[in-house]
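Spelled out from the first residue to the last, the chains are:
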Amino acid sequence: MEDTKLIPKILIYEEFDGIPLYRKGYKDFVLGLKKIEEINIGTSALQSFIIAAILKHLFKILPDTYSALSSELGLHLSKNANFSADIAIYKEGRLNIGFHSVNYVDTPPNVVIEVDIKIEEYDYFKSEEEYFHRKTEQLLQWGVERVVWVFSSSRRILVADNLQKWEFIRWDLPFIVIDDYEINLWELMLKNGFQVELKSL
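First, a word on scope: everything that follows refers to the structure included in this document.

Definitions and limits used
Residues numbered from 1 in each chain as written. Predicted model: local features only at pLDDT ≥ 70, side-chain atom pairs only at ≥ 80, totals over all residues. Heavy atoms only, no water. Pairing = 2+ DSSP bridges. Helix = DSSP H or I, 4+ residues; strand = E, 2+ residues; numbered from the N terminus. Axes fitted to C-alpha atoms, helices over the stretch in contact; angles between N-to-C directions. Contact = heavy atoms within 4.5 Å. Expected span 1.5 Å × (residues − 1). Buried < 20%, exposed > 50% of the residue type's maximum accessible area, 1.4 Å probe, protein only. Salt bridge = Lys/Arg side-chain N within 4 Å of Asp/Glu carboxyl O.

### As for the sheet that holds strand E10 (residues 166-170)
Strand pairing in a sheet takes place through backbone hydrogen bonds and is either antiparallel or parallel in direction. Taken in spatial order, the six strands line up as E3-E6-E7-E8-E9-E10 in an open sheet, and their pairing is mixed. Of all the strands in the sheet, the pair left with one neighbour each is strand E3 (66-69) and E10. The average undirected angle you get between the axes of adjacent strands in this sheet is 15°. One ladder, built from five bridges, connects strand E8 (residues 146-151) with strand E9 (residues 156-160); its direction is antiparallel. Across the sheet, Val148 pairs through a bridge with Val159, a residue of E9. Strands in contact with helix H2 (residues 45-61) are E3, strand E6 (87-91), strand E7 (111-115) and E8; relative to E6, the strand with the most contacts, it is inclined by about 15°. Of the strands in this sheet, E7, E8, E9 and E10 touch helix H3 (residues 128-142), which is tilted by about 160° from E8.

This is the structure we're talking about:
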């Protein structure tokens, strides 16, 4: 295993049970194949597009009493457990933000939406499935009411309402994101200019 002291903190995406989870591609830095600035710290264009389309829709449909936060919001679940969220939705009164709010939030969002997996999962988890299952379970146990995963490669969406009820759907089917507010991701993508290639139909 690599000496974690030699890996820049900027390549750490999350902390799981005290173990740092590194961004995809970090091993190229460790092996000397890429410089730090050549590692993709940000999201892909597709991931960013999907997140932006969801946020744009949420800002239209949700009342002002809801807050939709993004930019890989840091979530502090407990000591040695720090996650990132692509989108976190809070209802009024659940989260208070002020000049003091310079650290990760330690209040569970009502909803967390994640778009694709950004870690080198095989360091700590045996598969991508184990990673998103474990992360989803911990978020729900922490107090998040609903966790939504968008997987662009398989064009599927996972909606987990609690530890017992998880449902996979195609991304062209509508689902409830919070309360009675609904999203149809595929329609949102097309509405925002997504280019459909003939070979992908």
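From this point, things continue past the structure.
### Overview of H3
Look at H3: 21 Å from first C-alpha to last across 15 residues, which is about the 21 Å you get at 1.5 Å a residue. Taken residue by residue, H3 has Tyr131, Phe132, Lys135, Thr136, Gln138, Leu139, Leu140 and Trp142 as its buried positions. Two residues or fewer past H3, Gly143 is found with a positive phi of approximately 130°.

### As for the pairing of strand E4 (residues 73-78)
Here five bridges tie E4 to strand E5 (residues 81-85), and the two strands are oriented antiparallel to one another. Considered in E5, the bridge of Ser78 is made with Ala81. From the end of E4 to the start of E5, which pair antiparallel, there are two residues, and Asn80 there has a positive phi angle of about 70°.

### A short note on the pattern of salt bridges
Within this structure, the stated rule accounts for eight salt bridges. For Glu14, the salt bridge identified is with Lys135, shortest N-O distance 2.4 Å. Of this pair, Glu14 sits in strand E1 (residues 12-16) while Lys135 sits in helix H3, and the two are 121 residues apart along the sequence. For the pair Glu14 and Lys135, a shared accessibility class is recorded, and that class is buried. In the salt-bridge network here, residues are joined through shared partners; they are Glu14, Glu114 and Lys135.

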